[in-house]
Amino acid sequence: MKRPYDSSMPVPKAELHLHIEGTLEPELAFALAARNGVDLPWADTDALREAYRFQDLQSFLDLYYALMAVLRTERDFEDLADAYLARAAAQGVRHAEIFFDPQAHLSRGVSMDTVVEGLWRALGRSTRTHGVSTRLIMCFLRDESAGSAMATLDAAKPYLDRITGVGLDSAEVGHPPAKFREVYEAAAALGLRRVAHAGEEGPPEYITEALDVLGVERVDHGLRCMEDPALVERLVRERVPLTLCPLSNVRLRTVDTLADHPLPAMLDAGLLCTVNSDDPAYFGGYAGDNFTAVREALGLGPERLRELARNSFLASFLEDDEERRARYLAEVEAYDFAGDAP
Ligand SMILES: Nc1ncnc2[nH]cnc12
Ligand SMILES: [Zn+2]
């Protein structure tokens, strides 16, 4: 008999909201700093971890961008991605759609080639080495100009065989989606899939704008849709997936505690919710940890957990490999969710 929720057999799932730079664990950051001769302003990994007390999204972003100083070579990006994929695989992730932030590297003199080739060294072999299929999503920083986003899209053109889609991240409030209309139109014309962070700290109107102006197929976070019943109805009707990140929401104080998270109400409303880790090195857990946390804090039963796992594959960009998606979905249906630990 299979032991359900055995840690050696975690829930099969896809991760759809994961910033690769947000997987930089303190130990790897210090190792890369030593390798590259970069001075870090923290004495050691404990001191760095001490700094992980965030007031809001911006206070996290300040640290997140600062620590990227250690990422300089192809090998650094390869090691970063390999470390994430190993951890994700151990927590049941079968498929990962991975964000990266090229502007945060280009502005430090690290080229698009270094970033994409480095990540690809790990991602290109990941089904073999980690048993995890992957897609790469290039995010634009919404607190930078639309012109900078367009230049970034241009710089990515030689790598479009490796990039599945575009996203929009960084400081949300004051940077509504419409600013990026032209760059999303250009991305669509290149055949790229479209997602955007919206409704994390920003108002529900940003979610509507991301759908109507940017044509996004998935909304990252989307938490604040719950303030607008007509928007919830639309998201349900149009089956727009939301990539929720519960531990991130607690650490960035968009919800007070995990027990206050609206996930159960969102599922009850019929929203197509998924559970993801966002920046796991900073927020206290990877994909499986997020599943465990919501199961325990919110008392989600076996069928709700199955729904979340199923949704993760339904919402993924696996249209170019339906056979693989069907295999993953069959695994979800065969999984015994009735036990007592993801
Ligand atoms: N949670 C988040 N929101 C916006 N931008 C991000 N970049 C990395 N993590 C992010
Ligand atoms: Zn995010």
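Residues numbered from 1 in each chain as written. Chains lettered and ligands numbered in written order. Predicted model: local features only at pLDDT ≥ 70, side-chain atom pairs only at ≥ 80, totals over all residues. Heavy atoms only, no water.

Each helix and strand in the chain was counted, giving 17 helices and 8 strands. Against the globule reference of 20 Å for 342 residues, the chain gives a C-alpha radius of gyration of 19 Å, in line with a compact fold. Overall, the chain is about 50 × 45 × 40 Å in size when its C-alpha atoms are taken along their principal axes. Counting over 342 residues, the chain shows a buried share of 56%. Sequence separation of 24 or more characterises 76% of the internal contacts of the chain that already satisfy a separation of 6 or more. For the chain, the exposed surface amounts to about 12,800 Å²; the carbon and sulfur share of it is 49%. The averaged location of the 57 negative side-chain charges in the chain is 4 Å from the averaged location of its 36 positive side-chain charges. (Helix = DSSP H or I, 4+ residues; strand = E, 2+ residues; numbered from the N terminus. Rg over C-alpha atoms; globule rule 2.2 N^0.38 Å. Buried < 20%, exposed > 50% of the residue type's maximum accessible area, 1.4 Å probe, protein only. Contact = heavy atoms within 4.5 Å. Areas by Shrake-Rupley, 256 points an atom, 1.4 Å probe, with all protein chains shown as cover. Lys, Arg positive; Asp, Glu negative; His and termini not counted. Charge placed at Lys NZ, Arg CZ, Asp CG, Glu CD.)

As a benchmark, a tetrahedral metal site with four donors has ideal angles of 109.5 degrees, while an octahedral site with six donors has ideal angles of 90 or 180 degrees. Those protein atoms acting as donors to the zinc ion (ligand 2) are H17 (NE2), H19 (NE2), H197 (NE2) and D278 (OD), and they sit at 2.0 to 2.2 Å. Each of the 4 donor atoms bound to the zinc ion (ligand 2) contributes to angles spanning 84 to 173°, and the resulting shape is irregular. (Donors = N, O, S within 2.8 Å, 3.2 Å for Na, K, Ca; no water. Tetrahedral: all angles 85-135°; square planar, octahedral: opposite > 155°, others 65-115°.)

What follows covers helix 17 (residues 322-334). An ideal rise of 1.5 Å per residue puts 18 Å on 13 residues; helix 17 measures up with 18 Å between its terminal C-alpha atoms. For helix 17, every residue scored as buried is listed here: R324, R325, Y328, L329 and V332. What you see down the axis of helix 17 is that its buried residues fit within an arc of 135°, all on one side. Exposed positions of helix 17 whose direction lies more than 90 degrees from the buried face are E323 and A334. Where helix 17 is buried, its residues contact strand 2 (93-100), helix 7 (126-129), strand 3 (133-141) and helix 16 (302-314). (Expected span 1.5 Å × (residues − 1). Arc of directions from axis to C-beta.)

For V173, the position within the fold is in the loop between strand 4 (165-169) and helix 9 (181-189). Remark: the alpha-carbon pair of V173 and D143, spanning 30 residues in sequence, is separated by 9.2 Å. Apart from residues lying up to four places away in sequence, V173 is in contact with E201, G202 and Y206.

Moving on, we get to the UniProt feature "active site" (unreviewed entry) in the chain. In the numbering adopted here, UniProt assigns the feature "active site" (unreviewed entry) to E200. Relative to the helices and strands, E200 is located in the loop between strand 5 (193-198) and helix 10 (204-212). Sequence-distant contacts of E200, defined by excluding residues within four places in its chain, comprise L57, E172, H221, R224, S248, L252, T254 and D278. (UniProt positions renumbered as here; feature names shortened; annotations may be inferred.)

Right, let's talk about the UniProt feature "binding site: Zn(2+)" (unreviewed entry) in the chain for a bit. As annotated in UniProt, the feature "binding site: Zn(2+)" (unreviewed entry) corresponds to H17, H19, H197 and D278 in the numbering used here. In summary, the annotated positions, though distributed over 262 residues, converge in three dimensions, the widest C-alpha pair being only 11.7 Å. Every residue in contact with H17, bar those within four places of it in the chain, is listed here: E97, F99, H197, D220, H221, T243, C245, N276, S277 and D278. Among the polar contacts made by the side chain of H17, one reaches the side chain of H19 at a distance of 3.4 Å. Among the secondary structure elements, H19 is positioned in strand 1 (residues 13-19). Excluding anything up to four places from it in sequence, H19 contacts Y64, F99, D101, D169, H197, D278 and D279. A distance of 3.1 Å separates a polar atom in the side chain of H19 from a polar atom in the side chain of H197. (Polar contact = N/O pair within 3.5 Å; in protein donor to acceptor, adjacent residues only side chain to side chain.)

Turning to the site of ligand 1, a few remarks are in order. Lining the immediate environment of ligand 1, one finds H19, L57, F60, L61, Y64, D169, S170, H197, E200, H221, D278 and D279. A distance of 2.7 Å is found between a nitrogen atom of ligand 1 and a side-chain nitrogen or oxygen belonging to E200. In the environment of ligand 1, a nitrogen atom lies 2.6 Å from a nitrogen or oxygen atom belonging to the side chain of D279. For ligand 1, whose free accessible area comes to 260 Å², the fraction covered by protein is 100%. It is helix 3 (residues 57-67) that provides the largest number of residues to the shell around ligand 1, a total of 4 residues. Among the residues forming the shell around ligand 1, the class breakdown is 4 nonpolar, 4 polar and 4 charged. (Near = heavy atom within 4 Å. Nonpolar A, V, L, I, M, F, W, Y, C, P; charged D, E, K, R; others polar.)

Spatially, 8 strands are ordered 1-2-3-4-5-6-7-8 in an open sheet, and the strand pairing comes out parallel. The sheet is open, and its two borders are formed by strand 1 and strand 8 (272-275), each paired with just one other strand. Shown here is a sheet whose adjacent strand axes are inclined to one another by a mean of 25°, direction ignored. As judged from the 5 bridges shared by strand 1 and strand 2, these two strands associate in the parallel manner. Residue L18 lies in a different strand from strand 2, and its bridge partner there is I98. (Pairing = 2+ DSSP bridges. Axes fitted to C-alpha atoms, helices over the stretch in contact; angles between N-to-C directions.)

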